[in-house]
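# Overview (structure and organization)
One letter stands for each residue in the lines below.
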Amino acid sequence: MDDYEKEIADLEVQIEQLVEAEGDAKTIAELSMQLEILKAIYARSLDLLERGKKDSDLRFGLRMQGYGDWTLDNVYAFVYERAVELEPQQHGAFVGGIKTTDFALLLNS
């Protein structure tokens, strides 16, 4: 389990505990939105990481943009930073934007 999976799992546990304790609904909703965003960023990072294993242009693009070697941490940093730059929208649209953004295209632009 990598650090990102652990962070997601820890947040899931925290949400479950709040739900079981009938915690503050607003806090549960905010943490649930955060969890959904982290899951989307992680999934897209893994997808891009796999694509880059077969595509030297992607690996080169990551280095050229200052993120260093082709590692999960560096790819995640790139995806995270690009996701934050997406147009601020309602939560569902934001997560959808993360899921549909072509991060490989952004890497080589």
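The sections below set out a description of the structure shown in this document. (Residues numbered from 1 in each chain as written. Predicted model: local features only at pLDDT ≥ 70, side-chain atom pairs only at ≥ 80, totals over all residues. Heavy atoms only, no water.)

Our focus in this paragraph is the nonpolar core. Within the largest apolar cluster, 29 residues are counted, with the highest numbers of intra-cluster contacts made by Leu48, Leu62, Trp70, Val75, Phe78 and Val79. Secondary structure elements with two or more residues in this core: helix 1 (3–20), helix 2 (25–53), helix 3 (56–64), helix 4 (72–84), helix 5 (91–100) and helix 6 (103–107). When residues in this core are grouped by element, the largest group, nine residues, is from helix 2. Ignoring any residue separated from it by four or fewer positions in sequence, one finds Trp70 in contact with Leu48, Leu49, Gly52, Lys53, Leu58, Arg59, Leu62, Val75 and Leu107. (Core = buried A, V, L, I, M, F, W, Y, C linked by side-chain atoms within 4.5 Å. Buried < 20%, exposed > 50% of the residue type's maximum accessible area, 1.4 Å probe, protein only. Helix = DSSP H or I, 4+ residues; strand = E, 2+ residues; numbered from the N terminus. Contact = heavy atoms within 4.5 Å.)

Tracing the backbone shows Thr101 in the loop between helix 5 and helix 6. When residues no more than four places from it in sequence are discounted, the contact partners of Thr101 are Arg44, Leu86 and Leu106.

Now for the packing of aromatic side chains. Across all of its chains, the model carries four aromatic pairs by this definition. Taken together, a centroid distance of 3.9 Å and an interplanar angle of 20° make the contact between Tyr4 and Tyr76 stacked. In this pair, Tyr4 sits in helix 1 while Tyr76 sits in helix 4, placing the two residues 72 residues apart along the sequence. Tyr4 sits in the buried class, given a relative accessible area of 14%. Tyr76 sits in the buried class, given a relative accessible area of 9%. Summarising the aromatic geometry, the rings of Tyr76 and Tyr80 are spaced 6.3 Å apart at their centres and angled 20° between planes, so their arrangement reads as stacked. Note that Tyr76 and Tyr80 are positioned in helix 4 at a spacing of four residues, about one turn of the helix. Classification of Tyr80 as partly exposed rests on a relative accessible area of 39%. An aromatic cluster is built from Tyr4, Tyr42, Tyr76 and Tyr80, whose rings are joined through pairwise contacts. (Phe/Tyr/Trp six-rings, centres within 6.5 Å; stacked < 30°, edge-to-face > 60°.)

Limitation: the analysis is restricted to geometry and does not speak to function.
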